[in-house]
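Observations on the three-dimensional arrangement
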Amino acid sequence: MNKISSLVSLILILLTVVPQKQLLAQSTLNYTDASIHFRNGQEHFESRNYEAARAEFNLFLDYDKTLLEKEDGNKVWAEYYVVMCSLYLGYSETELLANRFVRNYPEHPVAGNLYKEIGNYFFEQGDYARAVDYLKKSPKSDEDAQYRLAISYFSLQDYSESLVIFNELKDGTSENAISSSYYAGIINFRAGRYKEAIPDFKKAEQSAEYRSEIAGWLAHSYYRQGKFAEMLAYTEPLLREKNSGRKLEDVALLTAEVYFQQANYDKAASYYTIYKN
């Protein structure tokens with residue numbers, strides 16, 4: 001009897017152990033199959049086949065949810081890729097997916113840049129209204145995102161919103177500081193705030209990118225305030241320069257106008273000549 005009991009016990013143990021091994025093997029196989037979908041998704045994404053990539057990542061996420069823990073690295077990246085594929089495919093669910101991703105993974109490095117990435121995409125497309133929707137959710141510390149947000153507001157003619165950001169950026173040390181001064185100067189000038197525009201234009205003049213056109217803005221800013229002596233002190237040295245690369249037509253005309261008003265007709269005539277030529 002003892003031998004029979006031992007044999008029965010052994011059989012029961014084997015019946016228990018074998019299915020567990022099979023289950024483990026099946027679980028490992030399932031996860032391996034799921035990983036294939038993830039790799040396929042990456043390959044499709046890199047080749048810009050976003051429809052196929054999106055399908056593969058969704059297969060990975062739906063393959064067997066019991067295998068994918070919330071903090072699984074591939075799961076997080078798969079959800080990120082689904083968001084980006086939806087964006088590039090123009091799907092309306094992009095914002096919903098993006099908000100869900102940021103809500104579910106607020107500490108993940110990608111979450112902090114996701115809104116910026118989406119905003120930059122619309123910015124590059126020239127869709128400034130949608131760029132604003134996302135860039136304004138980017139971290140305030142991200143000066144590049146803030147600059148593009150300000151440009152988007154400027155392009156939409158929302159000058160009050162853009163000026164607030166440009167004023168914050170222009171005093172910084174980022175590569176966008178001088179460009180921010182340039183745009184702040186234009187906004188102030190158009191609003192008739194010529195006094196505020198002058199220091200903005202002077203800072204922008206330091207950049208070769210804006211130097212050629214700044215002279216006109218500054219000359220007009222002085223002229224419209226009636227600061228003729230300051231204007232002449234600025235414009236005359238410029239007009240004596242040879243091949244400066246600056247746009248000086250308006251500068252010469254305004255200088256001629258001031259001298260004409262002062263009855264200095266000889267100088268007025270000489271600057272009118274420069275203007276005509």
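Below is a short write-up of the structure. (Residues numbered from 1 in each chain as written. Predicted model: local features only at pLDDT ≥ 70, side-chain atom pairs only at ≥ 80, totals over all residues. Heavy atoms only, no water.)

**Side note on the packing of aromatic side chains**
All chains considered together, the criterion is met by 30 aromatic pairs. For the ring pair Phe-57 and Tyr-81, a centre distance of 4.8 Å and an interplane angle of 10° mean the geometry is stacked. With Phe-57 in helix α2 (residues 50-63) and Tyr-81 in helix α3 (residues 73-88), this residue pair connects regions lying 24 residues apart in the sequence. Note on Tyr-81: relative accessible area 15%, which makes it buried. A centroid spacing of 6.2 Å and a plane angle of 40° characterise the contact between Trp-77 and Tyr-81, whose relative ring orientation is tilted. In this pair, Trp-77 and Tyr-81 both sit in helix α3, four residues apart, roughly one turn of the helix. According to the relative accessible area criterion, Trp-77 is partly exposed, its value standing at 34%. (Phe/Tyr/Trp six-rings, centres within 6.5 Å; stacked < 30°, edge-to-face > 60°. Helix = DSSP H or I, 4+ residues; strand = E, 2+ residues; numbered from the N terminus. Buried < 20%, exposed > 50% of the residue type's maximum accessible area, 1.4 Å probe, protein only.)

**Concerning the packing of helix α7 (residues 143-155) against helix α8 (residues 159-170)**
At a minimum axis separation of 8 Å, α7 and α8 run at an interaxial angle of 150°. In terms of their interaxial angle, α7 and α8 are classed as roughly antiparallel. Where α7 crosses over α8, the handedness of that crossing is left-handed. On the side of α7, the interface is formed by Glu-143, Gln-146, Tyr-147, Leu-149, Ala-150, Ile-151, Tyr-153 and Phe-154, while α8 contributes Tyr-159, Glu-161, Ser-162, Ile-165, Phe-166 and Leu-169. Across the contact of α7 with α8, the residue classes tally to ten nonpolar, two polar and two charged. (Axes fitted to C-alpha atoms, helices over the stretch in contact; angles between N-to-C directions. Parallel < 35°, antiparallel > 145°, perpendicular 65-115°, else oblique. Left-handed = near helix turned anticlockwise from the far one by under 90°. Contact = heavy atoms within 4.5 Å. Nonpolar A, V, L, I, M, F, W, Y, C, P; charged D, E, K, R; others polar.)

**Some thoughts on the pattern of salt bridges**
In this structure the tally under the stated criterion is ten salt bridges. Among the ionic pairs, Lys-137 bridges to Glu-95, the shortest N-O distance being 3.5 Å. Linking Lys-137 in the loop between α6 (128-135) and α7 with Glu-95 in helix α4 (residues 94-104), this pair joins segments that are 42 residues apart in sequence. Look at Lys-137 and you get partly exposed, because its relative accessible area is 35%. For Glu-95, a relative accessible area of 37% corresponds to the partly exposed category. The partner of Lys-116 in a salt bridge is Asp-144, and the shortest N-O contact between them spans 3.7 Å. Highlighted residues: Lys-116 in helix α5 (residues 109-124) and Asp-144 in helix α7, separated in sequence by 28 residues. Asp-144 gets classed as partly exposed once you look at its relative accessible area, which sits at 27%. Each of Lys-116, Asp-142 and Asp-144 takes part in one network of salt bridges that share partners. (Salt bridge = Lys/Arg side-chain N within 4 Å of Asp/Glu carboxyl O.)

**Details of the packing of α3 against α5**
Relative to each other, α3 and α5 sit at 10°, their axes nearing to 11 Å. Relative to α5, the element α3 is oriented roughly parallel. At the point where α3 passes α5, the crossing takes the right-handed sense. Where α3 abuts α5, its residues Trp-77, Tyr-80, Val-83, Met-84, Leu-87 and Tyr-88 lie against Val-110, Leu-114, Glu-117, Ile-118, Tyr-121 and Phe-122.

**Regarding the nonpolar core**
With 75 residues, the main nonpolar core has Phe-101, Phe-166 and Ile-214 as its most contacted residues. At nine residues, α3 tops the list of elements feeding residues into this core. Ignoring sequence-local partners within four residues, the contact set of Phe-166 consists of Tyr-147, Ala-150, Ile-151, Phe-154, Ser-180, Tyr-183, Ala-184 and Ile-187. (Core = buried A, V, L, I, M, F, W, Y, C linked by side-chain atoms within 4.5 Å.)

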